[in-house]
Amino acid sequence: MDDNSDNPVNREDDGKSRSKKKVKKTKKSNYAWLVWGISVLFLSFALTVLFSFITEIAIKDSAALICVIVLLVLLILNIGCDVLANAIMSCTPDAFFAMASNKIKGSKRAVALCRNATKLSSIFADVIGDICGIVSGSAGAALAVHFAVSNQIWALVSSILVSAVIGALTVGGKAIFKHFATKFNKQIVFGFARFTTFFKKEK
């Protein structure tokens, strides 16, 4: 019985097909950063439009209390996403392998989160965090209008003070909670992973 695998022609064809596959993989890896960047660009645009639309509806012709509530929600979301990003970046999938082998709900998702830490951290900290910062500026401007009077100087002062308070709370909050994000990274990642299973089941 002839063995076609020993045929030099077949070996040469196999070598060519393997080299072609390697070239395709190399091309994909070379442009992966560009695909990821374009994806983030469109995601940022869509989320900015959505957040801005919801914020404008909430604060338009609203009382000062509503503006404060919207600002607090944006602030909490901004800090929360930063905490989650730091927790994912500082956590390793090894922490959940034993849980995954015991089929604990959320453990497989936690492993997936850790393995995609760089991309997820970029989405949570950079995309959502920066968008919250931009949109909170609009909400802060609306709040400053409530404190402003006909005097232009007081209007300028109130605008500066509101912006300063928003900036201080955002930066200070991130600095304070960064310690907890790295210290309790496993609990945070597992909690978020388990929460996502309510929307999409693990495979």
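Per chain, the residues get numbers from 1 upward, laid out in the order the sequence is written. In view of the model being predicted, local features appear only for residues whose pLDDT reaches at least 70, and side-chain atom pairs are presented and counted only at 80 or more, with totals across whole chains, interfaces and linings using the full set of residues. Calculated side-chain values reflect all of the structure's heavy atoms, with hydrogen atoms and water omitted.

1. Section: the packing of aromatic side chains
Heads up, the rule is: By convention, a stacked pair of Phe, Tyr or Trp rings (six-membered ring in the case of Trp) has centres within 6.5 Å and planes under 30 degrees apart, an edge-to-face pair has planes over 60 apart, and any other such pair is tilted. Counting from the N terminus, the helices are DSSP H or I runs at least four residues long and the strands are E runs at least two residues long. Residue exposure (1.4 Å probe, protein chains only): buried if accessible area is under 20% of the type maximum, exposed if over 50%, otherwise partly exposed. When the NZ atom of lysine or the CZ atom of arginine is within 6 Å of a ring's centre and also within 35 degrees of its normal, the charge is said to sit over that ring.
Per the stated rule, a full pass over the model turns up 5 aromatic pairs. Taking 6.5 Å as the distance between ring centres and 20° as the angle between the ring planes, the aromatic pair formed by Phe96 and Phe190 counts as stacked. Highlighted residues: Phe96 in helix H4 (residues 94–101) and Phe190 in helix H8 (residues 185–196), separated in sequence by 94 residues. Phe190 sits in the buried class, given a relative accessible area of 17%. Measuring from ring centre to ring centre gives 5.1 Å for Phe195 and Phe199, while their planes differ by 70°; the resulting arrangement is edge-to-face. Looking at Phe195, the relative accessible area reads 44%, which means it is partly exposed. Aromatic rings pair up to connect Phe177, Phe180 and Phe184 into one cluster. If you follow Lys105 out to its NZ or CZ, it ends over the ring of Phe198, 4.7 Å from the centre.

2. Side note on the nonpolar core
Worth spelling out the cut-off: Nonpolar core, defined: a set of buried Ala, Val, Leu, Ile, Met, Phe, Trp, Tyr and Cys residues in which side-chain atoms within 4.5 Å join the residues together.
Counting residues in hydrophobic clusters, the biggest one holds 38 residues, and the most contacted among them are Phe51, Ile88, Phe96, Phe124 and Val189. Where this core is concerned, the elements lending two or more residues are helix H2 (32–59), helix H3 (64–90), H4, helix H5 (107–115), helix H6 (117–147), helix H7 (152–183) and H8. In terms of residue count, the dominant contributor to this core is H6 (13 residues).

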